[in-house]
Amino acid sequence: MTNTNPHRSVSLLCAGLLAAAAAVPAAAAGDAAAGAAAWAAQHSQAGGGEARSCASCHGEDLTGPGRHATTGKPIKPLAPSVNPARLTDEAKVEKWLRRNCNWTLGRACTAAEKADFLAYIASQ
Amino acid sequence: MKATLVLAGGLTAALLALGAAGLAVGDDDDDDDHHEHHKRGWVEPGEDVQPVANAAYAEECGACHMAYQPGLLPMDAWRQIMAPEALGDHYGDDASLSTDLRAEIAGYLAANAAERSGKSRARAFSVGDAGTEALPRITATRYFRNEHHEIPTRMVAGNPDVGSLSNCNACHQGADEGVYNEHRVNIPGVGRWDD
């Protein structure tokens, strides 16, 4: 029997896109479960300010829009399944991981931490 | 040397901007008369500052907040904001850029800063200082404070849909197109502003 189900080919295409997303090299090496845990981890602030996490701006559900914690500006969903432009531009990903790790954790992320985050985002 | 280059780039762009301002001269003396807005020139009437016209600027400086139009601050304020150390500690956030992008954006801002503008409302943003904080703010300019001091804080800080006065587009429905006249103000949860 030949496959005439259009949904089938669409999901195959999506899988292809995810594979392309994982082409942001670090994502392939990461552990999505570890990335998910790190995503929600709360980092308390020295001055007693509100604890920070990646979800502070992007939310817990990556398929939904986020909101910048200090400016309130809406942020488009990070999940490549709903926003295929995500994780396609390596320089952009690198730039935002640098900024967002600094803001959230108060330090740069290690290569392994970045890979885990990217594996988690790519799986959404 | 670098400064000279940026300046030279800025001057060329400024000459272009001046040329454009010459054509748009009818818009100049519109001072406080919003009722003139139905007169149609090639410049959208009612624009108070020139809309953003640089893709790199829109992308890089519009990621965390709206891309503020260059005409909202004087050249010297943009120069301070665009200094490499300042971008690394940008109002508590990290907005650092590659050398090339920084030079392009700094040149664009300098060439279109408030005092370079042919529009009277943009020029108003160039008068006086822009605050005493480490970095200048549009919201700290004298003109801005005069225009906004009557708005009670419950409509701003106490309003989850606004948060701060830096969020121009929360209240000014034309902010993204550079339109700030009071007739297009709609404060979320409060409504139109009539005074």
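Residues numbered from 1 in each chain as written. Chains lettered and ligands numbered in written order. Predicted model: local features only at pLDDT ≥ 70, side-chain atom pairs only at ≥ 80, totals over all residues. Heavy atoms only, no water.

Asker: Is there a simple way to think about the overall build of chain A in this case?
Answerer: Helix and strand counts for chain A stand at six helices and two strands. Each helix and strand of chain A, ordered N terminal to C terminal, gives the series α-α-α-α-β-β-α-α. Looking at chain A residue by residue over its 124 residues, the buried ones come to 33%. Put simply, chain A shows about 7,200 Å² of open surface, and 60% of that area lies on carbon and sulfur atoms. (Helix = DSSP H or I, 4+ residues; strand = E, 2+ residues; numbered from the N terminus. Buried < 20%, exposed > 50% of the residue type's maximum accessible area, 1.4 Å probe, protein only. Areas by Shrake-Rupley, 256 points an atom, 1.4 Å probe, with all protein chains shown as cover.)

Asker: Can you help me understand the layout of surface pockets in this one?
Answerer: Any empty space left between atoms is shown by rolling a water-sized probe over those atoms. Roughly 990 Å³ of internal volume is contained in the largest pocket. Lining of the largest pocket is provided by 38 residues; of these, His58(A), Ile75(A), Leu78(A), Arg86(A) and Trp96(A) occupy positions nearest its centre. When residues in the lining of the largest pocket are grouped by element, the largest group, eleven residues, is from helix H5 (residues 90–105) of chain A. In this structure, the second largest pocket spans a volume of roughly 730 Å³. Forming the boundary of the second largest pocket are 37 residues, of which Thr71(A), His65(B), Tyr68(B), His90(B) and Tyr91(B) lie nearest the centre. Across the lining of the second largest pocket, the residue classes break down as 20 nonpolar, eleven polar and six charged. (1 Å grid on protein atoms, 1.4 Å probe; cavity = no way out; pocket = protein on both sides within 12 Å on 5 of 7 lines; lining within 4 Å. Points joined across faces, edges and corners; volume = space filled by probe spheres on them. Nonpolar A, V, L, I, M, F, W, Y, C, P; charged D, E, K, R; others polar.)

Asker: Which parts of the structure should I look at to understand the side chain of Asp94(B)?
Answerer: All names here are of chain B. Along the polypeptide, Asp94 turns up in the loop between helix H4 (84–88) and helix H5 (99–111). For Asp94, a relative accessible area of 12% puts it in the buried group. A polar side-chain atom of Asp94 sits 2.7 Å from a polar atom in the side chain of Ser96. (Polar contact = N/O pair within 3.5 Å; in protein donor to acceptor, adjacent residues only side chain to side chain.)

Asker: Is there a simple way to explain the interface of chain B and chain A in this structure?
Answerer: Taken together, the contact pairs 16 residues of chain B with twelve residues of chain A. A combined buried area of about 1,100 Å² lies between chain B and chain A, and 37% of that area is made up of carbon and sulfur atoms. Looking at the side of chain B facing chain A, the largest losses of area belong to Cys64(B), Asp93(B) and Asp94(B), adding up to 41% of the total buried there. Connecting chain B to chain A are two salt bridges. Two residues, Lys95(A) and Glu60(B), come together in a salt bridge whose shortest N-O distance is 2.6 Å. Taken together, chain B and chain A are joined by ten residue pairs in polar contact (both at pLDDT 80 or more). Taken together, the residues that form the side of chain B that touches chain A break down as six nonpolar, five polar and five charged. (Contact = heavy atoms within 4.5 Å. Buried area = accessible area lost by both parts, 1.4 Å probe. Salt bridge = Lys/Arg side-chain N within 4 Å of Asp/Glu carboxyl O.)

Asker: Which parts of the structure should I look at to understand the confidence of the model for chain B?
Answerer: If pLDDT is low for a region, its predicted coordinates should not be looked at in detail. All names here are of chain B. When pLDDT is averaged along chain B, the result is 79, and 73% of the positions lie at 70 or above. When mean pLDDT is compared element by element in chain B, H5 scores highest at 97, while helix H1 (residues 2–23) scores lowest at 42. Below pLDDT 50 for its whole length, residues 1–44 participates in 37 contacts with residues either more than four positions away or in separate chains. (pLDDT = per-residue confidence, 0-100.)

Asker: Quick question: what am I supposed to make of the environment of Leu101(B) here?
Answerer: All names here are of chain B. You can see Leu101 is positioned in helix H5. Considered as a pair, Leu101 and Asn159 are 58 residues apart in the sequence and their alpha carbons are 35 Å apart. Once residues lying within four places of it in the same chain are set aside, the contact partners of Leu101 are Ala56 and Glu60.

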